[in-house]
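Structural overview for review
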Amino acid sequence: MKEKYDVIIVGSGVAGLNCALNLPDDKKILIICKGDPEESDSYLAQGGICCMQGEEDFESYYSDTMRAGHMENDPAAVEKMIKCSPAVISGLVARGVDFAREADGRLAVTREGGHSKNRICFHKDCTGREITSKLSACVAALKNVELSPFTTMLDIIVSNDECRGIVALDNESGNIKKVYADYTVLATGGVGGVFDHSTNFRLLTGDGVAVCMKHGVAVENIDYIQIHPTTLYTQRKGERSFLISESVRGEGAVLLDKNFKRFTDELQPRDVVTAEILKTMKRDGAAHVWLDMRPVPAEELKSHFPGIVERCAREGYDVFSQPVPVVPAQHYFMGGVKSDLNGKTSMPRLYAVGETCCNGVHGVNRLASNSLLESLLFAECAARDIAANYSATGELPPEYAANTDYSNPEKLLEEYKNLLLNAIKEAKNARPRNT
């Protein structure tokens, strides 16, 4: 890494990648990621990405999103996301994303929980991998972008109340370096790594949010943690929970109790279905419930959900002849670093996009398949805002007083984890009605 860049992006998921792709090509950009570039939740997304199905679908899509978020969503954010969704999908297609299509060439769409109609574009059951890999290839072709994997942000550099870059750790060599920039974009993903059971990669521990809290950058709704209703049950401890996409239920799979009786409407919003599952488990004294995929035609299971079918088989379950055990697990973070609709935070020259930010679009509970859309759109908005208002900082800032000991990175990251967990607990206790 060089000492100075125009823009530093922390994170290589779809938000970080799309931000880089929409910045001017005369800007020197550094993207860092904590692990391998593929270790982002964007890569794991199964179900798909929402797209408004014509102007006549706006009110329905808007209502579904607001209802899932318990009407605590920011209406302006929701409106912008929905109205821009067709352009986002068109942009992805132009970059080579291979969405499923009908026989006549139109994009195929499926349905998920909380949606009143089919509006989810998808690629088999690995939509996130398809989008992320295509965006990664586009970024790799840019001569102005440098990617530094296995690099951890330990801190942001603050001078005269502005963000002027980051303190970065080379995970392999242990070297710590100050890297300066005119603008810094946090796209650090979710917080699943601080929970015992999560669908997230374990390295996603909310560092971006914790660092902002440390520096007094505004955060919002950090107790808004989404639990996904259906992850494959296992007795093995310490591994990432395998998510079974909501699209499976959208195509007809049903939830069964210990007596193999259906007990809920599977297409309600995620928090409602999760509550029904937990209530049923408590009533039955069971460690899980059952998900029966047999109502879905076998050929559709094979073509639409090959990864899920294969993983279940690897765990000893034949989805064509038996239900599989499922249990809720932490999945998504609706809170985070407070940002406006252009990704701006309360600190000048610092932006936050994707799951690490909170722009209000999701409310208390995210509607299925709005995550990729939200991350892509508002990351592009952040890039365009930076470009439109770009001003160079000139000289590097004088030595700053960080009041932080970087000599023990593991200890520092553990402190960040505890800071975040304690803040989540305090916020949760202040309003226990929220999940």
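Since the model is a prediction, treat every value here as computed from it, not as a measurement. (Residues numbered from 1 in each chain as written. Predicted model: local features only at pLDDT ≥ 70, side-chain atom pairs only at ≥ 80, totals over all residues. Heavy atoms only, no water.)

Considering the overall build of the protein chain
- Helix and strand content of the protein chain: twelve helices and 16 strands.
- For the protein chain, the spread of C-alpha atoms along the three principal axes comes to 70 × 50 × 40 Å.
- By sequence separation, contacts in the protein chain at least 24 residues apart represent 71% of the contacts at least 6 residues apart.
- In the form shown here, the protein chain has an accessible surface area of approximately 17400 Å², with 49% of it arising from carbon and sulfur atoms.
- Seen as two clouds, the 49 positive and the 60 negative side-chain charges of the protein chain have centres 2 Å apart. (Helix = DSSP H or I, 4+ residues; strand = E, 2+ residues; numbered from the N terminus. Contact = heavy atoms within 4.5 Å. Areas by Shrake-Rupley, 256 points an atom, 1.4 Å probe, with all protein chains shown as cover. Lys, Arg positive; Asp, Glu negative; His and termini not counted. Charge placed at Lys NZ, Arg CZ, Asp CG, Glu CD.)

Some words on empty space enclosed by the protein
- The tally for this structure, following the rule as stated, stands at one cavity of 30 Å³ or more.
- Volume-wise, the largest cavity comes out at about 40 Å³.
- Together, Leu 232, Tyr 233, Thr 234, Arg 236, Glu 239, Arg 240, Ser 241, Phe 242, Arg 311 and Glu 315 line the largest cavity. (1 Å grid on protein atoms, 1.4 Å probe; cavity = no way out; pocket = protein on both sides within 12 Å on 5 of 7 lines; lining within 4 Å. Points joined across faces, edges and corners; volume = space filled by probe spheres on them.)

Here we look at the environment of Val 93
- Positionally, Val 93 belongs in helix α4 (residues 75–94).
- Note: C-alpha distance between Val 93 and Met 281 (188 residues apart in sequence) is 42 Å.
- Ignoring any residue separated from it by four or fewer positions in sequence, one finds Val 93 in contact with Phe 99 and Arg 101.

Observations concerning the nonpolar core
- Among the nonpolar cores identified, the biggest contains 52 residues, and Ile 9, Ile 49, Leu 92 and Ile 131 are the most heavily contacted of them.
- The next biggest cluster of nonpolar side chains, apart from the first, holds 43 residues, and it includes Leu 154, Cys 212, Tyr 416 and Ala 423. (Core = buried A, V, L, I, M, F, W, Y, C linked by side-chain atoms within 4.5 Å. Buried < 20%, exposed > 50% of the residue type's maximum accessible area, 1.4 Å probe, protein only.)

Some details on α4
- In this model α4 runs 29 Å from its N-terminal to its C-terminal C-alpha over 20 residues, within 8% of the 28 Å that 1.5 Å per residue would give.
- Taken as a whole, α4 carries its principal kink of about 45 degrees at Ser 85; the proline Pro 86 stands between one and four residues after it.
- Of all the residues in α4, the buried ones are Ala 77, Val 78, Met 81, Ile 82, Ser 85, Val 88, Ile 89 and Leu 92.
- Buried-residue contacts for α4 involve β3 (49–50), α3 (58–68), β4 (120–121), α5 (127–140) and α11 (371–388).
- The backbone nitrogen of Ala 76 has a side-chain oxygen 2.9 Å away, supplied by the residue at the start of α4, namely Asp 74.
- After α4 finishes, the residue Gly 96 shows a positive phi value of roughly 100 degrees. (Expected span 1.5 Å × (residues − 1). Bend = angle between axes of the 7 residues up to and from the residue. Polar contact = N/O pair within 3.5 Å; in protein donor to acceptor, adjacent residues only side chain to side chain.)

Some thoughts on the packing of aromatic side chains
- A full pass over the atoms with the stated rule returns four aromatic pairs.
- Relative to Tyr 390, the ring of Tyr 183 has its centre 5.0 Å away and its plane inclined at 55 degrees; by these criteria the two rings are tilted. Of this pair, Tyr 183 sits in strand β8 (residues 176–186) while Tyr 390 sits in the loop between α11 and α12 (409–430), and the two are 207 residues apart along the sequence.
- Here Tyr 183 falls in the buried class, since its relative accessible area comes to 7%.
- Between Phe 260 and Trp 290, the ring centres sit 5.4 Å apart and the planes meet at 35 degrees, which makes this aromatic pair tilted. One end of the pair, Phe 260, is in the loop between β11 (254–256) and α8 (270–284); the other, Trp 290, is in strand β12 (residues 289–292), with 30 residues separating them in the sequence.
- Lys 83 extends its terminal NZ or CZ atom over the ring of Phe 58, reaching a point 5.2 Å from the ring centre.
- Geometry around Phe 320 places Lys 302 over its ring, the cationic atom sitting 5.6 Å from the centre. (Phe/Tyr/Trp six-rings, centres within 6.5 Å; stacked < 30°, edge-to-face > 60°. Lys NZ or Arg CZ within 6 Å of the ring centre and 35° of its normal.)

Description of the sheet that holds strand β9 (residues 219–220)
- Sheet architecture is open: three strands sit in the order β9-β14-β16, paired in mixed fashion. Unpaired on one side and paired on the other, β9 and β16 (357–358) mark the two borders of the sheet.
- In this sheet, β16 lies alongside strand β14 (residues 336–338) in parallel orientation, the contact comprising two bridges. Within β16, the residue paired with Val 337 across the bridge is Cys 357.
- Set on the sheet, helix α6 (residues 207–214) makes contact with β9 and β14; between it and β14 the angle comes to about 50 degrees. (Pairing = 2+ DSSP bridges. Axes fitted to C-alpha atoms, helices over the stretch in contact; angles between N-to-C directions.)

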